[in-house]
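Residue-level structure breakdown
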Amino acid sequence: MKADSLYRLTAACLITHELDSVVKMTASPNSLGSLSNVEQSVLIWGHIPIVLGLLSVTESTMRASVRYGTCVFAVIHVALHWVYRDQPIYDFGSMASWVLILLAGIFGAAYLVPAKAR
């Protein structure tokens, strides 16, 4: 698989996981459930320009350092979720959340493997 595809799959899983996170945060009384509907909408819709900006920078500049950093983060992100999985307010125990987290890490790790070894 080409490196571009591995990076895009990593980014897609991370972005979808982030959306899952926002939905869980706005629905959970332990985290941001006390926000008003307007504040929750601002939080959710505020992610659009941030994600769009990051994707635009990465795709338009084709900077390997940004892609590399994203993939390194995806691998570290799996470890962080594993370490914090038993915390009382951890909301990512569902199968869907773990699939997104693990896929992002797997695709990120595959991107980091040199092309000759793939």
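Below, the structure is looked at part by part. (Residues numbered from 1 in each chain as written. Predicted model: local features only at pLDDT ≥ 70, side-chain atom pairs only at ≥ 80, totals over all residues. Heavy atoms only, no water.)

Core analysis: the largest hydrophobic core is formed by 10 residues, namely Leu 6, Tyr 7, Ala 11, Cys 13, Leu 14, Cys 71, Ala 74, Ala 104, Phe 107 and Tyr 111. Those elements that provide at least two residues to this core are helix 1 (3-27), helix 3 (64-83) and helix 4 (95-112). The biggest single contributor to this core is helix 1, with 5 residues. Ranked by size, the runner-up nonpolar core spans 5 residues in total, among them Val 78, Phe 92, Trp 98 and Ile 101. (Core = buried A, V, L, I, M, F, W, Y, C linked by side-chain atoms within 4.5 Å. Buried < 20%, exposed > 50% of the residue type's maximum accessible area, 1.4 Å probe, protein only. Helix = DSSP H or I, 4+ residues; strand = E, 2+ residues; numbered from the N terminus.)

Right, let's talk about the packing of aromatic side chains for a bit. Counted according to the given criterion, the structure contains 2 aromatic pairs. With centroids separated by 6.1 Å and ring planes inclined at 75°, the aromatic side chains of Trp 82 and Trp 98 adopt a geometry described as edge-to-face. In this pair, Trp 82 sits in helix 3 while Trp 98 sits in helix 4, placing the two residues 16 residues apart along the sequence. (Phe/Tyr/Trp six-rings, centres within 6.5 Å; stacked < 30°, edge-to-face > 60°.)

It is worth spelling out the environment of Ile 76 at this point. By secondary structure assignment, the location of Ile 76 is in helix 3. For Ile 76, a relative accessible area of 45% translates into the label partly exposed. Spatially, the C-alpha atom of Ile 76 lies 9.9 Å from that of Ala 109, the residues being 33 residues apart in sequence.

Honestly, it's all geometry; don't read function into it.
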